Amino acid sequence: MIHLFSRKCLGMAALASLCFLFSCTQNALSGKNQLTMLPEAEVQSLASSQYTDFIKTHAVVNPKTNVNAAMVNRVGLNITKAVNRYYASKNNTALLSGYNWEYNLVNDNAINAWCMPGGKIAFYTGILEQLQLNDDEVAMIMGHEMAHALREHSRERLAKSKATSMGLSVASQLLGLGQMGDVAANLGTQLLSLKYGRDDETEADLVGLEIAARGGFKPEASVQLWKKMLSATGGGKGQPSF
């Protein structure tokens, strides 16, 4: 009887710990309730570390000698300035305290671009060279990817993923607490492989268009961008998420 009671209490403690780890917080800018796990600052730190590793293992194109790299840098800086102005107008500059924006073009033929939490951005040479992008079209992609970071979509997606896997572990082991110490380390390895949901992509489209426009770029460029995307990916098959 004591043994059964102990197992029940330990199981309840494990579940309580899981509930403590996973809670809903409200995005301060959008007002949207999001499932979270680790503090934003910790997710940004993990992203920064993984981004550094990525840059070390990929050939970064020098913006001082390459026009495409210079364009990525120029567009990124202009949109960042617009984001800073907008947050300042809403008295929300504190929300950007953990953002240390970086914009790098890496030598890779893939049609791809992404932004990690904290503003770590990478464009691949493939997307610029194959699609022959101009400043406005780069801004449409840049704005979309930056919106994912500003809306904390990665943090929310990580929480949902871990909530499922850890919930199963706790249910099967009762005392799955021993695995929780490895959560932070495991999260960092997932940031580059995250897949956003349809709602996340729609929100990133809308927010991305707005911040790109605030940066002085033409939102109508998104139409030509998508035509190029569809052409490059064979009519939509395997097209990038953005």
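Residues numbered from 1 in each chain as written. Predicted model: local features only at pLDDT ≥ 70, side-chain atom pairs only at ≥ 80, totals over all residues. Heavy atoms only, no water.

## Considerations on the packing of helix α3 (residues 67-89) against helix α9 (residues 198-214)
Two packed helices can be described by the angle between their axes and the distance between those axes. The test is simple: Axis geometry follows a simple rule: fit a line to the C-alpha atoms, using only the stretch in contact for helices, then measure angles between N-to-C directions, giving values from 0 to 180 degrees. Secondary structure follows DSSP: runs of H or I at least 4 residues long count as helices, runs of E at least 2 residues long count as strands, and numbering of each begins at the N terminus. Any angle between 65 and 115 degrees counts as roughly perpendicular, while under 35 counts as roughly parallel, over 145 as roughly antiparallel, and the rest as oblique. The contact criterion used throughout is that any non-hydrogen atoms of two residues lie within 4.5 Å.
Closest axis-to-axis distance for the α3/α9 pair is 8 Å, and the angle between their directions is 100 degrees. Comparing their axes, α9 and α3 come out roughly perpendicular. Residues Ile79, Ala82, Val83, Arg85 and Tyr86 of α3 pack against Glu210, Ile211, Ala212 and Arg214 of α9.

## Section: the pattern of salt bridges
Quick reminder of the rule: Any carboxyl oxygen of Asp or Glu that lies within 4 Å of a side-chain nitrogen of Lys or Arg is treated as forming a salt bridge with it. Only protein chains enter the calculation, and the probe is 1.4 Å; a residue is then buried if its accessible area is under 20% of its type maximum, exposed if over 50%, and partly exposed in between.
Under the counting rule described, the total for this entry stands at 5 salt bridges. Notably, a salt bridge pairs Glu203 with Arg151, separated by 3.2 Å at the nearest N-O pair. Linking Glu203 in helix α9 with Arg151 in the loop between α5 (135-150) and α6 (153-173), this pair joins segments that are 52 residues apart in sequence. With a relative accessible area of 13%, Arg151 lands in the buried category.

## Notes on unusual backbone geometry
The phi dihedral of Asn91 falls on the positive side, at around 55 degrees, and the residue is not glycine. Relative to the assigned elements, Asn91 resides in the loop between α3 and β3 (102-106). When its relative accessible area of 71% is taken as the criterion, Asn91 is described as exposed. For Gln132, which is not glycine, the phi torsion reads 50 degrees and is therefore positive.

## Remarks on the nonpolar core
Our working rule: Buried Ala, Val, Leu, Ile, Met, Phe, Trp, Tyr and Cys residues form a nonpolar core when they are joined through side-chain atoms within 4.5 Å.
Formed by 39 residues in total, the largest nonpolar core has its most connected members in Ile79, Phe123, Ile127, Leu128 and Met142. With 9 residues, α5 is the largest single contributor of residues to this core. Residue contacts for Ile79: discarding those within four places in its chain leaves Ala139, Met142, Gly143, Met146, Ile211, Ala212 and Phe217. Counting residues in each nonpolar core, the second largest holds 8 residues, with Ala47, Tyr51, Met116 and Ala122 among its members.

## A short note on the packing of aromatic side chains
This is how the line gets drawn: Aromatic rings from Phe, Tyr and Trp, with only the six-membered ring used for Trp, were paired whenever their centres fell within 6.5 Å, and each pair was classed as stacked if the ring planes differed by under 30 degrees, edge-to-face if by over 60, and tilted otherwise.
Considering all chains together, one arrives at 5 aromatic pairs under this definition. Measuring from ring centre to ring centre gives 5.0 Å for Phe54 and Trp114, while their planes differ by 75 degrees; the resulting arrangement is edge-to-face. Here Phe54, found in helix α2 (residues 40-56), pairs with Trp114, found in strand β4 (residues 113-116); they are 60 residues apart in sequence, far enough to count as distant. The buried category is assigned to Trp114, whose relative accessible area is 11%. A centroid spacing of 6.2 Å and a plane angle of 75 degrees characterise the contact between Tyr86 and Tyr87, whose relative ring orientation is edge-to-face. Classification of Tyr87 as buried rests on a relative accessible area of 4%. Put simply, the rings of Tyr51, Phe54, Trp114 and Tyr124 touch in pairs and so form one group of aromatic residues.

Fair warning: the whole summary comes from geometry, so function is off the table for now.
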